[in-house]
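Summary of the model geometry
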Amino acid sequence: MKDENGFYVDILKPETEQAGDTVGIRMNVDDFDGAYKMLLERGFRNLYGDETVNTSSSKAAMMVSPSGFTICIIQHIK
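As a starting point, this report considers the structure included with it. (Residues numbered from 1 in each chain as written. Predicted model: local features only at pLDDT ≥ 70, side-chain atom pairs only at ≥ 80, totals over all residues. Heavy atoms only, no water.)

**Regarding helix 1 (residues 32–41)**
For clarity, the cut-off: Residue burial is assigned from relative accessible area. The probe radius is 1.4 Å, only protein chains are included, and a residue is buried under 20% of its type maximum, exposed over 50%, and partly exposed in between. Here a helix means four or more residues in a row that DSSP labels H or I, a strand means two or more in a row labelled E, and each is numbered from the N terminus. As used here, the arc is the angular range of directions from the helix axis to the C-beta atoms. In what follows, residue pairs with any heavy atoms lying within 4.5 Å of each other are defined as contacts.
Of all the positions in helix 1, only F32, A35, Y36 and L39 are classed as buried. Each buried residue of helix 1 lies within a common arc of 100° when the element is viewed along its axis, so the set occupies one face. Looking at helix 1, the residues exposed on the side facing more than 90 degrees away from the buried face are D33, K37 and E41. Residues of helix 1 that are buried sit in contact with strand 1 (24–28), strand 2 (45–46), strand 4 (58–64) and strand 5 (70–76). Immediately downstream of helix 1, the backbone of G43 shows phi near 95°, a positive value.

Pasting the structure below:
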């Protein structure tokens with residue numbers, strides 16, 4: 001969905017079981033590995049363990065902070 005200012009809102013259904021709703025942000029990055037490493041160094045963990053979601057057009061991971069806040073990092077393949 002896109003609002004009147006051109007900002008997108010994603011509504012997702014994760015493949016893993018969740019105990020309630022999750023609110024987070026999506027961060028588009030040019031360097032997936034660098035962003036992933038930076039978040040791990042700050043205490044985030046990958047919701048999928050060590051796996052990433054890879055498609056023909058993107059690579060992504062759902063990162064969860066120690067407090068439970070989520071950031072989905074995604075690199076679009078150009």
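**Re the pattern of salt bridges**
For clarity, the cut-off: Should a side-chain nitrogen of Lys or Arg be within 4 Å of a carboxyl oxygen of Asp or Glu, the pair is scored as a salt bridge.
Tallied over the entire structure, the rule returns two salt bridges. Residue K59 is joined to D33 by a salt bridge in which the shortest nitrogen-to-oxygen separation is 3.5 Å. Of the two residues, K59 sits in strand 4 while D33 sits in helix 1, which places them 26 residues apart along the sequence. With a relative accessible area of 52%, D33 lands in the exposed category. Between K37 and E41 there is a salt bridge, with its nearest N and O atoms 3.9 Å apart. On the criterion of helical spacing, the pair formed by K37 and E41 is a turn pair, its members being four residues apart in helix 1. Classification of K37 as exposed rests on a relative accessible area of 52%. A relative accessible area of 55% means that E41 is categorised as exposed.

**Some remarks on the environment of K59**
By relative accessible area, which is 25% here, K59 ends up partly exposed. Put simply, K59 and V29 are 30 residues apart on the chain and 10.0 Å apart in space, counted from C-alpha to C-alpha. Not counting chain neighbours up to four residues away, the residues in contact with K59 comprise F32, D33, T52, V53, N54, I73, I74 and Q75.

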